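Observations on chain architecture
What follows is the residue order along each chain.
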Amino acid sequence: QVQVVESGGGLVHTGGSLTLSCTASGSGFTISAMAWYRPAPGGERELVAAITDTNNPKYLDSVKGRFTISRGILGNTVLLQMNDLKPEDTAVYFCRSRVLFDGTDMDVDYWGQGTQVTVSS
């Protein structure tokens, strides 16, 4: 089984910074990618930032230049450094860990419970 746990949310003023952390734990798998999502205005989750096992990052246009995603040395932790936060960044941020179980060729996604980020104006 895979457990995904996020931390680091909170309340900041406009222009402030926060760092979110996500750790995927368990055994018998490798992690191919980790990502952060948040609800979009229409209700679906939108991809905020993602990083592959080769450390190739991808960002939502509205956060480029403000957010940085990185993986920990062991590869099962991902950080999201969020700078110059804006009220429109307010959301619950969810971590997704894409894993490949040993002996299989199919990726499976696991999600955390989410962490609240609130940016006051």
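Structure: see above.
Just so you know, the residues in each chain are numbered from 1, in the order the chain's sequence is written. Predicted model: local features are reported for residues with pLDDT of at least 70 only, side-chain atom pairs are reported and counted for 80 or more only, and whole-chain, interface and lining totals are derived from all residues. In computing side-chain values, all of the structure's heavy atoms are included and hydrogens and water are not.

**Notes on the overall build of the protein**
To keep things clear, this is the line we draw: Under the DSSP-based scheme used, a helix requires at least four consecutive residues in state H or I and a strand at least two consecutive residues in state E, with every element numbered from the N terminus. Each radius of gyration is computed over the set of C-alpha atoms, and the globule rule expresses the reference value as 2.2 Å times the number of residues to the power 0.38. In what follows, residue pairs with any heavy atoms lying within 4.5 Å of each other are defined as contacts. Think of it this way: Lys and Arg go in the positive column, Asp and Glu in the negative one, and His and the chain ends go nowhere. To locate a charge, take atom NZ for lysine, CZ for arginine, CG for aspartate or CD for glutamate.
When you go through the protein residue by residue, the secondary structure sums to zero helices and eleven strands. Beginning at the N terminus, the succession of helices and strands in the protein can be written as β-β-β-β-β-β-β-β-β-β-β. Its C-alpha atoms give the protein a radius of gyration of 14 Å, near enough to 14 Å, the size a compact globule of 121 residues would have. Overall, the protein is about 50 × 25 × 20 Å in size when its C-alpha atoms are taken along their principal axes. Across the protein, contacts joining residues at least 24 apart in sequence account for 55% of those joining residues at least 6 apart. When the 9 basic and 12 acidic side-chain charges of the protein are each reduced to a single mean position, those positions are 4 Å apart.

**Here's the deal with the sheet that holds strand 8 (residues 77–82)**
Filter applied, for reference: Paired strands, as defined in this entry, are two strands with at least two bridges between them according to DSSP. Angular values range over 0 to 180 degrees, each being the angle between N-to-C directions of two axes fitted as lines to C-alpha atoms, with helices fitted over their stretch in contact.
If you walk across this open sheet you meet the four strands as 1-3-8-7, and the pairing is antiparallel. Of all strands in the sheet, those bounded by a partner on one side alone are strand 1 (3–7) and strand 7 (67–71). Here the average twist between neighbouring strands, direction ignored, is 15 degrees. Two elements, strand 7 and strand 8, share five bridges in a ladder whose sense is antiparallel. Paired with Ile-69 across the strands is Leu-80, a residue of strand 8.

**Remarks on the environment of Val-2**
Going by this rule: Here's how the labels work: a residue is buried when its accessible area is under 20% of the maximum for its type, exposed when over 50%, partly exposed in between, all with a 1.4 Å probe on protein chains only.
As for its placement among the helices and strands, Val-2 is situated in the segment before strand 1. Owing to a relative accessible area of 6%, Val-2 belongs among the buried residues under this scheme. Sequence separation between Val-2 and Phe-29 is 27 residues, and the spatial gap between their C-alpha atoms is 8.7 Å. Setting aside residues no more than four positions away along its own chain, Val-2 makes contact with Ala-24, Ser-25, Phe-29, Val-99, Phe-101 and Tyr-110.

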